[in-house]
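Chain by chain, the residues run as shown.
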Protein chains: 4
Amino acid sequence: MNSERSFSVLIYGAGGMVGGELLRIITGHPRFKIAGAVSARKVGKPLAMIHPHLRHACPDTVFISPEAARDTPADIAFTSLPHGSASESVAEILLRGIPVVDLSADFRLKDLGRYERWYGGPHPRPDILDVAVYGLPELHRKELPGASIVSGVGCNAAASILALYPFARSGLIKEALLDVRAGSSEGGSKANQGSHHPYRSRALRIVEPFSHRHLAEVSQELSLPEENLTMRLTAVENVRGVQVCAEIFLHEHLREADLWKLFREYYAEEPFVDLCPARPMHLRFPDPRLVTGSNRVLIGFSTTGKGARCLVVVALDNLMKGSAGSAVQSANVVLGIPETTGLLMHPVYPV
Amino acid sequence: MNSERSFSVLIYGAGGMVGGELLRIITGHPRFKIAGAVSARKVGKPLAMIHPHLRHACPDTVFISPEAARDTPADIAFTSLPHGSASESVAEILLRGIPVVDLSADFRLKDLGRYERWYGGPHPRPDILDVAVYGLPELHRKELPGASIVSGVGCNAAASILALYPFARSGLIKEALLDVRAGSSEGGSKANQGSHHPYRSRALRIVEPFSHRHLAEVSQELSLPEENLTMRLTAVENVRGVQVCAEIFLHEHLREADLWKLFREYYAEEPFVDLCPARPMHLRFPDPRLVTGSNRVLIGFSTTGKGARCLVVVALDNLMKGSAGSAVQSANVVLGIPETTGLLMHPVYPV
Amino acid sequence: MNSERSFSVLIYGAGGMVGGELLRIITGHPRFKIAGAVSARKVGKPLAMIHPHLRHACPDTVFISPEAARDTPADIAFTSLPHGSASESVAEILLRGIPVVDLSADFRLKDLGRYERWYGGPHPRPDILDVAVYGLPELHRKELPGASIVSGVGCNAAASILALYPFARSGLIKEALLDVRAGSSEGGSKANQGSHHPYRSRALRIVEPFSHRHLAEVSQELSLPEENLTMRLTAVENVRGVQVCAEIFLHEHLREADLWKLFREYYAEEPFVDLCPARPMHLRFPDPRLVTGSNRVLIGFSTTGKGARCLVVVALDNLMKGSAGSAVQSANVVLGIPETTGLLMHPVYPV
Amino acid sequence: MNSERSFSVLIYGAGGMVGGELLRIITGHPRFKIAGAVSARKVGKPLAMIHPHLRHACPDTVFISPEAARDTPADIAFTSLPHGSASESVAEILLRGIPVVDLSADFRLKDLGRYERWYGGPHPRPDILDVAVYGLPELHRKELPGASIVSGVGCNAAASILALYPFARSGLIKEALLDVRAGSSEGGSKANQGSHHPYRSRALRIVEPFSHRHLAEVSQELSLPEENLTMRLTAVENVRGVQVCAEIFLHEHLREADLWKLFREYYAEEPFVDLCPARPMHLRFPDPRLVTGSNRVLIGFSTTGKGARCLVVVALDNLMKGSAGSAVQSANVVLGIPETTGLLMHPVYPV
């Protein structure tokens with residue numbers, strides 16, 4: 001029924017880095033048109049001044065204020081606002097009857113206690129938390145159609161969840177060590193002393209040894225106790241891209257063929273997930289460079305040959321599948337249009 | 001009349017880096033379908049083994065031999081073969097009545113003497129040289145429809161030509177110093193000692209101080225004497241991207257407004273060329289990072305305030321507008337379909 | 001007479017990036033010992049917290065305040081403070097009878113009018129400006145012994161001056177186009193939006209098209225009119241290193257052999273300057289990577305074969321020969337100890 | 001007794017990357033002088049052509065042949081030759097009564113069976129294998145004086161051994177997962193398809209998931225069964241530097257204070273090893289950038305708070321402490337001169 005209809009889209013926080021990625025996707029999306037690019041701080045400025053790579057796509061668009069956005073009709077909204085402050089905007093948009101895909105962390109964790117523990121304070125809007133669907137279609141596709149709030153995913157969480165999902169659903173995981181390597185775009189568009197190029201360039205900076213926040217999402221989504229998970233985060237030279245190396249201690253010994261069966265069972269039908277071939281060796285475990293700019297996920301795996309343990313490596317583009325891409329993918333499902341619409345751009349390689 | 005027809009495409013040299021870029025474009029092109037990916041050395045190997053970022057796009061395709069290609073019907077062919085050896089293949093394909101876009105340097109220079117001087121030997125197929133159209137639609141759009149051979153452009157040449165074009169056509173150029181900064185993908189997919197990562201990484205390597213080969217194309221296309229041009233080529237850290245800084249000594253003094261008029265006159269209607277704004281200052285001169293993965297060209301300029309001299313800076317993606325992108329753009333014109341078809345992917349930024 | 005004596009050194013602004021480089025040199029300098037590492041903002045903090053690469057060298061040192069420094073006897077002081085505010089500190093130290101090497105821009109320009117024009121305001125201490133010697137020993141070696149103020153050099157200026165010096169002294173320069181490529185450490189230790197890694201990484205950012213400030217130093221030191229010089233500054237991926245490509249239009253035609261004679265005449269005896277060989281070609285023009293971490297300067301050159309014009313390329317480490325290295329080299333001369341003392345570390349390559 | 005004597009040094013394989021690093025150290029070593037830089041392939045070529053960063057240090061030196069080396073008296077030799085072929089040269093030099101530090105893998109493993117298993121063939125010279133001392137002074141200082149063969153260390157092995165050593169000696173290790181991140185210089189000076197810049201740049205390439213060869217050295221040196229160790233090797237963007245993240249499962253629970261006690265016990269007196277402070281957090285785990293160009297090792301650690309497990313992170317420069325630096329350090333001990341002679345250069349940071 002929605003076959004030819006176009007949907008108007010409001011983007012809040014359109015001046016940030018994820019905002020830019022949403023604009024890149026949506027200006028190329030055949031069913032979406034931008035109703036307003038909202039930015040409280042950049043009102044009146046041309047979009048092209050902040051996102052100069054999109055000048056040709058929106059030569060005349062300027063940022064509008066949240067107030068102006070209030071008077072702008074829209075079919076769906078994306079909010080890419082700071083953690084904590086996003087939920088008020090979400091609530092407000094919701095009251096206007098517009099479904100929201102929120103890319104902050106505000107609606108990711110369902111348990112208020114868990115939220116408080118990881119985000120250091122009470123949830124700002126517990127009243128609407130229940131409504132939110134975690135926006136990873138690979139896990140929640142059936143709950144998305146018609147949802148009023150979709151929570152965007154944590155990029156490291158998304159990659160980790162996809163690494164562990166088949167094992168977790170099969171009750172196989174005893175313990176998992178998640179080694180996450182993240183590019184600098186994960187930190188967004190705002191500079192800080194740690195992102196200063198002379199210090200950040202070529203860094204191998206262990207930002208968090210055991211318990212990165214996104215671990216909480218992994219635990220929730222896979223129903224795995226937090227104590228059976230660690231997540232070490234290393235900031236690496238790349239700008240884009242997340243690579244997760246999951247060392248998984250299993251409850252039982254699996255052979256190579258068992259792994260293939262397991263992964264195929266869960267991902268064979270997934271439009272954005274590819275399994276890496278066992279050969280040639282240099283392509284067995286995926287490099288995030290192979291998915292740059294796309295919504296794709298690559299997964300490679302192997303048993304250790306040392307008891308009930310295996311290695312799963314996942315690569316995705318943190319701004320795409322790890323954020324704006326999954327958000328649009330979810331929005332497509334919410335609106336009842338084909339899930340891959342506007343998301344079929346190929347990776348750019350080599351860059 | 002071609003409004004809905006699909007065209008079948010043969011890609012020779014599909015195992016190389018430009019071949020990979022052609023595949024990326026063409027697998028996303030709504031009017032092209034791949035008839036065969038030809039590679040003499042990789043016959044029978046899956047495409048995804050060589051171009052792992054395209055596994056999802058061609059999961060089952062394998063490379064075919066030039067012999068097999070001979071029996072494969074096609075509407076158009078792209079040849080991305082080594083300089084010198086390409087022309088024989090081009091001639092052969094032509095005999096089958098298939099128009100060819102050749103991405104080697106074989107058909108770029110029209111003057112046999114000039115070819116010999118710059119490429120160090122007689123032209124292998126002078127008999128078909130005249131037929132070729134230089135595949136930069138911004139200069140040769142009208143000659144392209146129905147052409148039987150289109151010559152791909154040199155990436156450094158393309159950027160340089162676009163920098164000087166409005167001045168050259170207006171007879172304004174006394175002398176131009178072209179300072180070209182090129183990424184490592186310019187050298188293609190084959191490793192050599194100079195491309196070894198420990199030595200090539202973060203290089204500022206002056207490969208050629210005055211007379212890079214592509215200067216010959218600039219001279220030809222703009223009818224400027226070679227002695228009024230120098231081209232210095234520096235290999236920089238980037239993988240993708242060319243930036244040309246053209247210091248132009250003019251026959252007459254131009255003001256800022258004159259430059260704007262001149263550039264608008266030549267490029268206002270060009271679908272892939274954008275002029276950078278005068279403000280803010282940091283966006284005035286384009287960085288190739290702003291066009292990564294796209295067919296776009298950015299041009300920024302300024303007068304020196306010191307006599308009849310100006311600076312023009314051009315940025316493009318060497319594998320796209322500097323090679324495969326312009327090739328497909330030209331092919332679209334040759335076949336009579338809208339020029340931008342399949343080439344509207346936005347730049348990916350930041351990467 | 002100074003053959004075995006040790007000199008005590010005060011370093012002001014020791015918490016910055018140039019401060020760190022001074023510490024690296026001075027903690028390895030056989031004749032210097034640190035009397036105090038001064039930082040108004042970091043008083044009491046361990047040096048190793050700010051310069052973690054030097055933990056082993058000064059495990060117990062903490063930053064002292066400018067007030068504490070006032071009571072600390074010293075033989076010489078280095079001031080690495082912000083432009084404009086440095087001169088007051090310099091004046092104060094001078095009053096205590098301690099010679100100062102100032103690494104800010106405050107004492108570089110001798111002409112008050114020129115200073116005002118380039119730094120946008122009147123000079124804060126014109127009374128002591130005359131005393132300062134420009135700290136490039138290659139030009140001012142004879143004026144340095146016993147100097148009370150030595151001005152540090154601008155890194156881009158130092159490289160440019162060394163490129164043009166032999167020509168300028170011989171009255172050969174008609175016009176010079178200086179194309180400077182600079183790493184991110186040129187901006188010091190403080191983060192800003194432009195140095196944010198996702199945007200700064202792999203940049204080819206033209207920061208200044210014609211008239212970078214350091215041009216004023218070049219003009220002054222070589223007695224060349226500013227109108228005959230342009231300086232274009234491009235920020236490149238590197239952290240360390242400056243490369244200057246000087247396109248020089250000469251008053252008379254010079255042959256290759258003339259260039260060699262000229263450069264040998266000026267630099268054969270210089271302890272830190274090396275001329276690049278004409279062969280092999282890939283080593284003819286120097287890459288700043290070849291001097292990383294050292295006080296060395298590499299110079300390569302060639303005639304164009306197109307009239308009276310040549311290309312000179314200079315590479316140096318901006319934090320060393322372009323700043324802290326030249327400062328210590330000058331200090332050595334001021335104090336009458338061998339000029340190369342503490343500065344003989346080899347470049348680290350490849351990095 | 002050796003207090004003022006100088007030692008003459010032969011360097012075999014002086015044209016390679018480790019050869020270059022040996023030359024960098026030795027040309028700055030106050031007690032060593034180069035008797036000959038040997039390279040079978042580069043005989044007669046100037047050293048500066050292959051190691052252009054050392055032109056100033058050896059302007060007139062040319063490579064000599066192995067035959068010429070035979071007639072060159074020397075006090076010690078370093079051999080940096082390909083694995084497998086090194087041992088014949090070592091044997092020959094030994095017969096001349098010259099002690100050898102061999103930087104290949106030929107003399108690292110003591111057990112012939114283990115050698116065969118990991119290097120795929122019988123050991124070429126089992127007759128002299130017993131003589132060799134593993135050249136990591138932190139473990140073998142007492143066996144080095146007067147040794148006739150010293151085996152250089154594997155860079156990943158050295159970092160891993162230093163991470164595990166205090167635990168292993170205390171019998172605490174149940175299992176260790178070594179996550180090694182290595183720069184491109186680990187592969188030496190010869191180009192290959194995998195080191196081609198467009199593909200290697202910014203890679204996160206998992207070269208080996210579980211069992212990198214260097215694991216065998218770790219097992220041997222620490223008397224840990226191979227089955228209790230895995231070593232995953234990821235090739236990262238850096239040129240220099242190794243970072244090992246060792247996740248250690250312990251036989252008993254250790255508190256933070258226990259770790260400090262353990263590490264201080266083993267490393268407090270080590271001249272090249274520093275422990276990272278617990279605060280500030282961003283310096284707790286070391287980045288290899290902090291040791292670039294130096295012989296230093298940084299170690300940081302933490303307990304997980306999740307049972308008997310801890311994380312130890314080691315950073316070193318693979319060409320220095322991981323190769324040429326440890327080799328010279330060992331040679332100093334062999335010859336009875338102070339262990340740190342010639343190795344006190346500070347790290348260059350930031351680069």
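Conventions adopted
Residues numbered from 1 in each chain as written. Chains lettered and ligands numbered in written order. Predicted model: local features only at pLDDT ≥ 70, side-chain atom pairs only at ≥ 80, totals over all residues. Least-squares fit on C-alpha atoms with pLDDT ≥ 70 in both. Contact = placed C-beta atoms within 7 Å. Helix = DSSP H or I, 4+ residues; strand = E, 2+ residues; numbered from the N terminus. Nonpolar A, V, L, I, M, F, W, Y, C, P; charged D, E, K, R; others polar. Buried ≥ 20, exposed ≤ 12 C-beta atoms within 10 Å, placed from the backbone. Arc of directions from axis to C-beta. Pairing = 2+ DSSP bridges. Axes fitted to C-alpha atoms, helices over the stretch in contact; angles between N-to-C directions. Domains from an automatic or database assignment. Expected span 1.5 Å × (residues − 1). Bend = angle between axes of the 7 residues up to and from the residue. Right-handed = clockwise from strand over helix to strand, strands pointing away.

A.B. asks: Summarise the relation of the copies chain A and chain C; cite the residues concerned and give the values.
C.D. replies: One copy of the chain maps onto the second through a rotation around an axis plus a translation along that axis. Structural alignment of chain A on chain C gives an RMSD of 0.0 Å, achieved by rotating through 180 degrees and translating 0.0 Å along the axis. Expressed as an axis order, the relation between the two copies is that of a two-fold axis.

A.B. asks: Break down the interface of chain A and chain C for me, with residues and values.
C.D. replies: How big an interface is tends to be expressed through the accessible area that disappears when the partners come together. Each partner contributes residues to the interface: chain A has 13 residues there, and chain C has 13 residues. Looking at the side of chain A that touches chain C, the element that brings in the most residues is helix α9 (residues 197-200) of chain A, giving three residues. The residue inventory of the side of chain A that touches chain C, partitioned by class, reads four nonpolar, eight polar and one charged.

A.B. asks: Give a detailed account of helix α4 (residues 86-95) of chain B, specifying residues and quantitative values.
C.D. replies: Residue and element names in this part refer to chain B. Listing the buried residues of α4 in full gives Ala-86, Ser-87, Ser-89, Val-90 and Ile-93. Relative to the axis of α4, the buried residues are bounded by an arc of 160 degrees and lie together on one face. The inward-facing, buried residues of α4 contact β1 (7-12), β3 (76-79), β4 (100-102) and β6 (149-151). Following α4 by one or two positions, Gly-97 has its phi on the positive side, about 85 degrees.

A.B. asks: Lay out the sheet that holds strand β1 (residues 7-12) of chain A in plain terms, naming residues and giving numbers.
C.D. replies: All names here are of chain A. The strand order across the open sheet built from six strands is β2-β1-β3-β4-β6-β5, with neighbouring strands paired in parallel fashion. Both outer strands of the open sheet, β2 (32-38) and β5 (133-134), are each paired with one neighbouring strand and no more. For strand β4 (residues 100-102) and strand β6 (residues 149-151), the ladder comprises three bridges, and the chain directions are parallel. Counted as the bridge partner of Val-100 is Ile-149 from β6. Contacts between helix α4 (residues 86-95) and the sheet are confined to β1, β3 (76-79), β4 and β6, with β4 contributing the most and set at about 170 degrees to the helix.

A.B. asks: Tell me about the relation of the copies chain B and chain C, residues and numbers included.
C.D. replies: The transformation that overlays chain B on chain C combines an axial shift of 0.0 Å with a rotation of 180 degrees, and the residual RMSD is 0.0 Å. Most of the interface of chain B is mirrored in chain C, where 100% of its interface residues are also at the interface.

A.B. asks: Break down the sheet that holds strand β5 (residues 133-134) of chain C for me, with residues and values.
C.D. replies: Residues and elements named next belong to chain C. With parallel pairing, six strands are arranged side by side in an open sheet as β2-β1-β3-β4-β6-β5. Of all strands in the sheet, those with a lone pairing partner are β2 (32-38) and β5, marking the two edges. As defined by bridge partners, strand β1 (residues 7-12) adjoins strand β3 (residues 76-79) across four bridges and the pair is classed as parallel. Within β3, the residue paired with Tyr-12 across the bridge is Thr-79.

A.B. asks: Now, about the domain arrangement of chain A: what can you tell me, with residues and values included?
C.D. replies: Residues and elements named next belong to chain A. The assigned domain composition of chain A is domain 1 (7-153 + 321-335) and domain 2 (155-318). Between the C-alpha centres of domain 1 and domain 2 the distance comes to 25 Å. Tallying the contact residues gives 18 residues for domain 1 and 25 residues for domain 2. If you list the elements that add at least two residues to the side of domain 1 that touches domain 2, you get α5 (112-119), α7 (137-140) and α12 (320-335). When residues of the side of domain 1 that touches domain 2 are assigned to their parent elements, the largest contribution, six residues, is made by α12.

A.B. asks: I'd love a proper account of the interface of chain B and chain C, names of residues and values included.
C.D. replies: Residue-level contacts link 33 residues of chain B with 33 residues of chain C. Contributions of two or more residues to the side of chain B that touches chain C are made by β7 (173-182), α8 (197-200), β8 (205-208), β9 (229-235), β10 (242-250) and β13 (309-316) of chain B. Across the side of chain B that touches chain C, the residue classes break down as 15 nonpolar, seven polar and 11 charged.

A.B. asks: Account for helix α7 (residues 155-169) of chain B, with residues named and values stated.
C.D. replies: Residues and elements named next belong to chain B. Taking 1.5 Å of rise per residue, the 15 residues of α7 would be expected to cover 21 Å, and the 21 Å separating its terminal C-alpha atoms lies within 8% of that figure. At Ala-163, α7 is deflected by roughly 40 degrees, the largest bend along its length, and proline Pro-166 occurs up to four residues later in sequence. Of all 15 residues making up α7, 13 are buried, and the element is well covered by its neighbours.

A.B. asks: Run through the pairing of strand β2 (residues 32-38) of chain D, naming residues and quoting values.
C.D. replies: For β2(D), a buried count of six out of seven residues is recorded, marking the element as mostly surrounded by other parts of the structure. For the crossover that starts at strand β1 (residues 7-12) of chain D, traverses helix α1 (residues 17-26) of chain D and ends in the parallel β2(D), the hand is right-handed.

A.B. asks: Can you tell me about the environment of Thr79(B), naming the residues and giving the values?
C.D. replies: In this fold, Thr79(B) is placed in strand β3. Not counting residues within four places of it along the chain, the set of residues in contact with Thr79(B) comprises Tyr12(B), Gly13(B), Ala86(B), Ser89(B), Val90(B), Val100(B), Asp102(B), Leu103(B) and Ser104(B).

A.B. asks: Tell me about the environment of Gly120(D), residues and numbers included.
C.D. replies: When you line up the elements, Gly120(D) lands in the loop between α5 (112-119) and β5 (133-134). Expressed as a C-alpha distance, the spacing of Gly120(D) and Leu254(D), which sit 134 residues apart in the sequence, is 40 Å.

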